[in-house]
Amino acid sequence: MAALAGTAAAPGGMSSDPTLVLRDIHAVAAPSWWPPAPGWWLVGVAVLTVLAGFLWRHWRRRRRHARIADIFDQAIAAAPSRPQAVAAMSELLRRAARLHDPQADRLQGDAWLVMLDRGLEPAVFNTPQGRLLLDAAFRPDVHADEVQALQRIARPRFILWMMQR
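Conventions we followed
Residues numbered from 1 in each chain as written. Predicted model: local features only at pLDDT ≥ 70, side-chain atom pairs only at ≥ 80, totals over all residues. Heavy atoms only, no water. Helix = DSSP H or I, 4+ residues; strand = E, 2+ residues; numbered from the N terminus. Contact = heavy atoms within 4.5 Å. Expected span 1.5 Å × (residues − 1). Bend = angle between axes of the 7 residues up to and from the residue. Buried < 20%, exposed > 50% of the residue type's maximum accessible area, 1.4 Å probe, protein only. Core = buried A, V, L, I, M, F, W, Y, C linked by side-chain atoms within 4.5 Å.

Novice: Would you mind going over the side chain of S90 with me for this structure?
Specialist: Topologically, S90 is positioned in helix α2 (residues 82-98). Setting aside anything within four residues of it in sequence, one finds S90 in contact with W112 and L133.

Novice: What is the right way to look at helix α5 (residues 144-163) in this model?
Specialist: One turn of the α-helix equals 3.6 residues, which is why residues spaced by three or four share an orientation. When the terminal C-alpha atoms of α5 are compared, their 28 Å separation across 20 residues agrees well with the 28 Å that a helix rising 1.5 Å per residue should span. At Q151, α5 is bent by approximately 25 degrees, the largest bend along its length. When we look at burial in α5, the residues that qualify are V147, A149, L150, I153, A154, R157, F158, I159, W161, M162 and M163. Lining the buried residues of α5 we find α1 (38-78), α2, α3 (109-117) and α4 (132-135).

Novice: How should I be thinking about the nonpolar core in this particular structure?
Specialist: Across soluble globular proteins, you tend to see nonpolar side chains buried next to one another. Among the nonpolar cores identified, the biggest contains 32 residues, and M89, L93, L116, F125, L133 and F158 are the most heavily contacted of them. Element by element, the count of residues in this core is highest for α5, at nine residues. Look past the residues within four positions of L93 in its chain and what remains in contact with it is W112, L116, F125, L133, A154, R157, F158 and W161.

Structure follows, in C-alpha cells:
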C-alpha cells in the first residue's frame, strides 16, 4: 500500500505524524474507602458478633453472680439470731459443696474444714473464724463480730462454688 502524501511510514507499521501530540499518562484515581468491599462488611459483622457474644456472656455472668450473692445475703438476713445465721451459712456451704463432691454434706469436724479450704491459699476455714461453723450454731449466743468475720470468708466460697456449677 502506498503511503499517503505527506506522511511517511515508520518501521513497524506505525505512522510518524509530525502533528501528533503526546500527552502524559494519567494515573487512575484511588478507589474510595466508602463503601467498603463486601469482604470488609463480613469482617465487620463477624467482629461485632463476637463482641456482642462476649458482652452478653459477661452480663449474664455478672447477673448470675449477683443472684447467688443475694441468695446468701437473704438467707443470713432472714436468720432470727446470730447462731441461726451461722447455721444458715453452714447449710448454704454444704449445699454448694455437694455440687463438687456428693459426699461433702456428710463430712464432720476437721474433715469439713479441710473440704472448705480445698484450693484456697492460705487456708481460711481452719482458723478461729472458720471453726465457728463447727459449733457456733449450737451456742446460746455468738458475738456479732465473729459472725461478720465468718460471713466475710463464707460468702466468697459459696459464690465461687455456685458459679462453677
